[in-house]
Structures are given as C-alpha cells and as structure tokens.
Amino acid sequence: MAKNGAMAGDPPQASLLGAAFSAGDTPGLEGLQGSCQQCRRCDLAAGRQQAVISRGDPAARLMVIGEGPGAQEDASGRPFVGRAGQLLDQMLASVGLDSERDAYVCNVVKCRPPDNRKPTAQEMAACAPWLAVQIGAVDPAVVLLTGATALEGVLGIKGGISRLRGQWHPWQGRWVMPVFHPSYLLRNPSREQGSPKWLTWQDLKEVRRRLEQDQPPPPTL
Ligand code: SF4
C-alpha cells in the first residue's frame, strides 16, 4: 500500500496544481535541485541565489508546504530555516514530530520573491509542476499547508485561511490541512486559549492523530 493509503496499481490521480511535465521529461526528486536551478519558467529566476527545494525526509508521511524562500533560505538553499522555520520546528516537536525525520518540507515556489513579497498567481502556476513532482515522489499521507499562499497554490482557494485552518480537506487520496503560517504566529505570540498560536497547536495535535490513524480519506465522487 502506498503511503497515502492508495493501493499499489491504482491509477495516478490528476494533479490540481496545473500543467504537469509531459511523460518522458518528468524529472525525479534527485534531479530537482539541478532542474530548478536551471529553470526560467518565471521572473523569480532573475533574483535568486539558488533554487530552494526541500529539507527533511522524502520517505516521510507528512509534507509541509510553505510559501517561498526568504533571504535566509535563499542563502542556505534550505526551506524554513529562519525564525519562522524555527518556530515551525518547535511546534512540530511539541506534538512529537521532528521536521527532519518525520516530514518533508518544501514551498509553493522554489525561488525567492523580491522583498519577500507574496508570489503572484502566475509565478505559483509556473512553479506548480515542480511541486507536483515533489508530491508525486514523496506521496505524503498528510499535507500541511502553512498560510494563505500555500492554500491558494495547492487547493486553489484564495483567502479564508482563518476560516479553513484546522479543517481536513480530502485531496488526491491524501488528507490536507491548512494552518496559520509561522510568520503570522511570530507576529501574534500569545499562547492564550483561542489565540492563533493556541489554535495552531490544536491543529498540529490533530495532524499527529491523523498520522497515527493511517486511514486515507474516502474516495471522492
Ligand atoms: S520560482 Fe519555480 S518556476 Fe519560477 S524560476 Fe524558480 S523554479 Fe522556475
């Protein structure tokens, strides 16, 4: 059985991430760094030091998807290594998940947007095939979408992170949950009950429960 619960031999499900690479020229996970480093599918190529692909374990059942690289990520080549990434690591650890061992961490766009602005819809669409390669190869059972941009880039839902966070979305045979972005939590540090940080902690406990259950979502019509 695959990590997402699909039976071996099930036909691959159509990606909702937009155009995929045509069969035959689909790069593997191993070649992704080199392929993205050469990529000029959008204008973000002009400002990058390097394409930022992933950290963590490609065999993990949890995939964490964020927005895009910031300055520290662009310099280091690793996603989620700044203050927001450190908070993400701490919050995952608080529910018993190690971001390097239990998760594969990546972003919607692989190159740093200038001035840390949100990537445009065109940039997200241009980079979507690379993310589709990652999702296909990692085959996560559970996907955590951190923030509104990841929610838009993966599920195509604009806005509504406050309304949709903490809710499960069955998607391509996987469980997907949007949560607040750790950058937002850094700006809202209260841990009081009902605060964004407290809510995210509840969401991550639910993610942990879901991983333990190991049950794929029912097929959708
Ligand atoms: S952001 Fe994605 S699509 Fe744009 S240049 Fe970088 S790798 Fe290519």
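Just above sits the structure.
**A few points about the overall build of the protein chain**
- The helix and strand tally for the protein chain stands at eight helices and six strands.
- When the helices and strands of the protein chain are placed in sequence order, the string is α-β-β-α-α-β-α-β-α-α-β-β-α-α.
- Scored against the burial criterion, the 221 residues of the protein chain give a buried share of 41%.
- Of all intrachain contacts in the protein chain linking residues separated by at least 6 positions in sequence, the fraction that spans at least 24 positions is 73%.

**A look at helix 3 (residues 83-94)**
- If you check helix 3, its first and last C-alpha atoms are 17 Å apart, about what twelve residues at 1.5 Å a residue would give, namely 16 Å.
- All of the buried residues along helix 3 are Ala84, Gly85, Leu88 and Leu92. For helix 3, the buried positions fall inside an angular range of 100° around the axis, keeping them on one side. Turned more than 90 degrees off the buried face of helix 3, the exposed positions are Arg83, Gln90 and Ser94.
- Along its buried surface, helix 3 packs onto strand 3 (103-107), helix 7 (182-187) and helix 8 (196-213).
- Once helix 3 ends, the next one or two residues include Gly96, with phi positive near 85°.

**Examining the packing of helix 3 against helix 8**
- Between helix 3 and helix 8, the least distance of the axes is 9 Å, while the angle of their chain directions is 55°. The angle between helix 3 and helix 8 places the two elements in the oblique class. Handedness of the helix 3/helix 8 crossing: right-handed. In this structure, helix 3 contributes Met91, Leu92 and Ser94 to the contact, and helix 8 contributes Thr200, Trp201 and Leu204.
- Considering only residue class, the contact of helix 3 with helix 8 consists of four nonpolar, two polar and no charged.

**Details of the environment of Gly166**
- Within the fold, Gly166 resides in the loop between helix 6 (161-164) and strand 5 (169-171).
- When the 17 C-beta atoms within 10 Å are taken as the criterion, Gly166 is described as partly exposed.
- Setting aside its immediate chain neighbours within four residues, Gly166 contacts Met177, Leu199, Gln202, Asp203 and Glu206.

**Concerning the sheet that holds strand 5**
- The strand order 1-3-2-4-6-5 describes an open sheet built from six strands, whose pairing is mixed. Where the open sheet ends on each side, the last strands, each with one partner, are strand 1 (55-56) and strand 5.
- Pairing analysis gives five bridges linking strand 2 (residues 62-66) to strand 3, with the strands arranged parallel. Looking across to strand 3, one finds that Leu62 is bridged to Ala103.
- Lying on the sheet, helix 5 (residues 148-155) is in contact with strand 2, strand 4 (142-146), strand 5 and strand 6 (174-179); it crosses strand 4 at an angle near 130°.

Reading the values: rules and limits
- Residues numbered from 1 in each chain as written.
- Predicted model: local features only at pLDDT ≥ 70, side-chain atom pairs only at ≥ 80, totals over all residues.
- Helix = DSSP H or I, 4+ residues; strand = E, 2+ residues; numbered from the N terminus.
- Buried ≥ 20, exposed ≤ 12 C-beta atoms within 10 Å, placed from the backbone.
- Contact = placed C-beta atoms within 7 Å.
- Expected span 1.5 Å × (residues − 1).
- Arc of directions from axis to C-beta.
- Axes fitted to C-alpha atoms, helices over the stretch in contact; angles between N-to-C directions.
- Parallel < 35°, antiparallel > 145°, perpendicular 65-115°, else oblique.
- Left-handed = near helix turned anticlockwise from the far one by under 90°.
- Nonpolar A, V, L, I, M, F, W, Y, C, P; charged D, E, K, R; others polar.
- Pairing = 2+ DSSP bridges.

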